[in-house]
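Secondary and tertiary structure notes
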Amino acid sequence: MKKSKIVGIVVVAVILVCLIVFASTFKLKDSHLRSEGIRVRIPEGALVVQDCDEENAIYCKKTLEVNGEKQTLEFEFYNFKENGYPKSVKASINGHEFYQEDGLNVEENGSIDYKIFLNFQVIDDVIVFTFTDGTAGRTTTLYAIDTEGNIILEETEIDEDEMLIKDYTDFIEYDDNVITIYATRVVEDVNYHGESVCNAPHEDIVEAYYTYTYQDGEFKKDIKEEIDSDDFIENRGIICTARE
């Protein structure tokens, strides 16, 4: 046998051996996110957390510093169905759970079941943030927690008679240990108690600003400014054809 043929056979043999070794050791990687052995189908944006250190469509890890020490917050969808959508969501700090919800139906409810955590701020020894449960509007809760997951403040209805956080505009401000919240009883700047705001009595307070002052380990709430229906209609430039 010619030398050139022998060399060719050796080269082919080496290539075949390399391919066999590669095939036996290479692990196929799925480009799609998986959790609990199930391919996740939940859309991007279903879980929103401000300024994550690590994140994907179903998980966020976030670090904040409180009194000079780092605190680890985690937010995640879990308990996945065979169709790739989660049944549950939870949030924790340093391993202590402070929020959990079961019975999610994201595949049917869409953005109504989205979970949005924003406006994080450290005030003394607590972490303040807002949680918005879906995108329907006026579904936001103001939270404050300590580093062990104890809830110091949890306010959804800021005042009686459906005074809820106006979360479809700029609604929160921080100034040292004072939080200012903008709240409204008007749905989408139009409906008040199930009818046009034009029908609201003149003296009715339809929106207001509230302050939460953190002092001595607790929050004190006060009304900063009230907006009656007349001022609201004028400020929004609403034309009311028959307002007495």
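Here is a short report on the structure shown in this document. (Residues numbered from 1 in each chain as written. Predicted model: local features only at pLDDT ≥ 70, side-chain atom pairs only at ≥ 80, totals over all residues. Heavy atoms only, no water.)

**A word on the overall build of the protein chain**
Counting secondary structure elements, the protein chain contains 3 helices and 21 strands. Burial statistics for the protein chain: of 244 residues in total, 39% are counted as buried. A separation threshold of at least 6 residues defines the contact pool for the protein chain, and within that pool the share at least 24 residues apart is 44%. Here the protein chain displays about 14,300 Å² of accessible surface, and carbon together with sulfur accounts for 47% of that area. (Helix = DSSP H or I, 4+ residues; strand = E, 2+ residues; numbered from the N terminus. Buried < 20%, exposed > 50% of the residue type's maximum accessible area, 1.4 Å probe, protein only. Contact = heavy atoms within 4.5 Å. Areas by Shrake-Rupley, 256 points an atom, 1.4 Å probe, with all protein chains shown as cover.)

**Points about the side chain of Thr132**
Here Thr132 shows up in strand S10 (residues 126-133). Residue class for Thr132 comes out buried when judged on its relative accessible area of 12%. The contacts of Thr132, once residues within four sequence positions are left out, are Tyr114, Lys115, Ile116, Thr139, Thr140 and Asp167.

**Considering the pairing of strand S11 (residues 140-145)**
Counting buried residues in S11 gives 6 out of 6 residues, a clear majority hidden from the surface. Alternating residues of S11 divide into Thr140, Leu142 and Ala144 and Thr141, Tyr143 and Ile145, and every residue in both groups is buried. Note: S10 against S11, 6 bridges, orientation antiparallel. Bridge pairing in S11 links Val128 to Ala144. A loop of 5 residues connects S11 with strand S12 (residues 151-155), the two strands running antiparallel in sequence, and Gly149 in this loop sits at a positive phi of about 85 degrees. (Pairing = 2+ DSSP bridges.)

**A word on unusual backbone geometry**
Phi angles above zero are rare outside glycine, and Asn67 is one such case at about 50 degrees. Given a relative accessible area of 62%, Asn67 falls into the exposed group. Positive phi, close to 55 degrees, is recorded for Asp176, a residue that is not glycine. Within the secondary structure, Asp176 is located in the loop between strand S15 (172-175) and strand S16 (178-184). On the basis of relative accessibility, which here comes to 68%, the residue Asp176 falls in the exposed class.

**Considering a negative patch on the surface**
A contiguous patch of negative charge on the surface is contributed by Asp170, Glu173, Asp175 and Asp176. With respect to the element layout, Glu173 can be found in strand S15. (Patch = residues over 30% accessible without salt bridge, like charges linked within 9 Å, V, L, I, M, F, W, Y side chains within 5 Å. Salt bridge = Lys/Arg side-chain N within 4 Å of Asp/Glu carboxyl O. Lys, Arg positive; Asp, Glu negative; His and termini not counted. Charge placed at Lys NZ, Arg CZ, Asp CG, Glu CD.)

**Points about helix H3 (residues 229-236)**
Those residues of H3 that fall on the buried side of the exposure criterion are Ser229, Phe232 and Ile233. In a view along the axis of H3, the buried residues occupy a sector of 95 degrees, so they form one face of it. Projecting away from the buried face of H3 at angles above 90 degrees are the exposed residues Glu234 and Asn235. Packed against the buried residues of H3 are strand S17 (186-187), strand S20 (205-215) and strand S21 (218-228). The backbone nitrogen of Asp230 lies 3.2 Å from a side-chain oxygen of the residue at the head of H3, namely Asp228. (Arc of directions from axis to C-beta. Polar contact = N/O pair within 3.5 Å; in protein donor to acceptor, adjacent residues only side chain to side chain.)

**Comments concerning the nonpolar core**
Core analysis: the biggest nonpolar cluster contains 33 residues, and Phe75 and Phe117 have the highest contact counts within it. Elements with a contribution of two residues or more to this core: strand S3 (47-49), strand S5 (59-66), strand S6 (69-80), strand S7 (86-93), strand S8 (96-101), strand S9 (115-123), S10 and S11. Apart from residues lying up to four places away in sequence, Phe117 is in contact with Leu47, Val48, Val49, Gln50, Phe75, Ala91, Tyr99, Phe129, Thr130 and Phe131. Counting 20 residues, the second-largest nonpolar core is a separate cluster that includes Val126, Leu142, Ile158 and Ala208. (Core = buried A, V, L, I, M, F, W, Y, C linked by side-chain atoms within 4.5 Å.)

**A look at the sheet that holds S9**
Read from one edge to the other, the open sheet built from 5 strands follows the order S3-S9-S10-S11-S12, with strand pairing classed as mixed. The sheet is open, and its two edges are formed by S3 and S12, each paired on a single side. Shown here is a sheet whose adjacent strand axes are inclined to one another by a mean of 15 degrees, direction ignored. (Axes fitted to C-alpha atoms, helices over the stretch in contact; angles between N-to-C directions.)

**Side note on the packing of aromatic side chains**
Tallying each qualifying case throughout the model produces 12 aromatic pairs. An angle of 50 degrees between the planes, with centres 4.7 Å apart, marks the rings of Phe75 and Phe117 as tilted. Here Phe117 lies in strand S9 and Phe75 lies in strand S6, a separation of 42 residues in the sequence. An identical accessibility class is assigned to Phe75 and Phe117; each is buried. Feature note: the residues Phe75, Phe98, Tyr99, Phe117, Phe120, Phe129, Phe131 and Tyr143 constitute an aromatic cluster, connected by ring pairs. (Phe/Tyr/Trp six-rings, centres within 6.5 Å; stacked < 30°, edge-to-face > 60°.)

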